[in-house]
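The primary structure of each chain is shown beneath.
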Amino acid sequence: MLFYSFFKTQVGQQVTVELKNDLAIQGVLESVDQFLNIKLRDIHVVDAERYPHMLSIKNCFIRGSVVRYVQLLPSTVDTALLQDAARREAQSTQQMSQTKAAAVQA
């Protein structure tokens, strides 16, 4: 859930999405869902010579399972907020596992 929440904060920002088939697409992040499916607008392909059929496409939807990497601009990432959210999620996961262990022992 942490990644979904993080990517929701990046809506409207320029991103580069690299797919598992080595296609890299740059565009403005329009939306993202809980499966990390991504919708981009104003796209262009990083290697247009290799993928000329992609030149006419302006918007796209990318299924989350085919994404290898998402590159973000460093200026758009609040690392302190991200670290704090990761710490809170780890603590809540640890508390849940301790509660389950206590319930099993009882």
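Residues numbered from 1 in each chain as written. Predicted model: local features only at pLDDT ≥ 70, side-chain atom pairs only at ≥ 80, totals over all residues. Heavy atoms only, no water.

- The name an unreviewed UniProt entry assigns to the chain is U6 snRNA-associated Sm-like protein LSm2, from the organism Coemansia nantahalensis.

Some details on the environment of Gln14
Then, number 1: Within the fold, Gln14 resides in strand β1 (residues 14–19).
Then, number 2: As for Gln14 and Leu40, which are separated by 26 residues in sequence, their C-alpha atoms are 9.2 Å apart. (Helix = DSSP H or I, 4+ residues; strand = E, 2+ residues; numbered from the N terminus.)

As for the environment of Gly27
Then, number 1: As for its placement among the helices and strands, Gly27 is situated in strand β2 (residues 24–32).
Then, number 2: In sequence terms Gly27 and Thr9 are 18 residues apart; their C-alpha atoms lie 16 Å from each other.

Considering the side chain of Gln10
Then, number 1: Topologically, Gln10 is positioned in the loop between α1 (2–9) and β1.
Then, number 2: Given a relative accessible area of 2%, Gln10 falls into the buried group.
Then, number 3: Excluding its chain neighbours within four sequence positions, the residues that come into contact with Gln10 are Leu29, Leu72, Thr76 and Val77. (Buried < 20%, exposed > 50% of the residue type's maximum accessible area, 1.4 Å probe, protein only. Contact = heavy atoms within 4.5 Å.)

So, the layout of surface pockets
Then, number 1: There is about 160 Å³ of room inside the largest pocket.
Then, number 2: In terms of lining residues, the largest pocket is bounded by Leu2, Ser5, Phe6, Thr9, Gln10, Thr76, Val77, Asp78, Leu81, Leu82 and Ala85.
Then, number 3: Of all the secondary-structure elements, those providing two or more residues to the lining of the largest pocket are α1 and α2 (79–105).
Then, number 4: Sort the elements by how many residues they give to the lining of the largest pocket and α1 lands first, with 4 residues.
Then, number 5: Residue composition of the lining of the largest pocket, by class: 6 nonpolar, 4 polar and 1 charged. (1 Å grid on protein atoms, 1.4 Å probe; cavity = no way out; pocket = protein on both sides within 12 Å on 5 of 7 lines; lining within 4 Å. Points joined across faces, edges and corners; volume = space filled by probe spheres on them. Nonpolar A, V, L, I, M, F, W, Y, C, P; charged D, E, K, R; others polar.)

Observations concerning the nonpolar core
Then, number 1: Residues Val17, Leu19, Leu23, Ile25, Ile38, Leu40 and Ile62 are the most contacted members of the largest nonpolar core, which totals 18 residues.
Then, number 2: At the level of secondary structure, the elements contributing two or more residues to this core comprise α1, β1, β2, β3 (38–45) and β4 (59–62).
Then, number 3: No other element matches the 4 residues that β3 contributes to this core.
Then, number 4: Those residues in contact with Val17 that lie beyond four places of it in its chain are Leu23, Ala24, Ile25, Ile38, Leu40, Ile62, Val67, Tyr69 and Val70. (Core = buried A, V, L, I, M, F, W, Y, C linked by side-chain atoms within 4.5 Å.)

Concerning the sheet that holds β1
Then, number 1: Taking strand neighbours across the sheet as the criterion, the 5 strands line up as β4-β3-β2-β1-β5 in an open arrangement whose pairing is antiparallel. Looking at strand neighbours, the two that pair on one side only are β4 and β5 (67–72), the edges of this open sheet. The average undirected angle you get between the axes of adjacent strands in this sheet is 40°.
Then, number 2: On top of the sheet, α1 reaches β2 and β5; it is set at about 95° to β2, its chief contact. (Pairing = 2+ DSSP bridges. Axes fitted to C-alpha atoms, helices over the stretch in contact; angles between N-to-C directions.)

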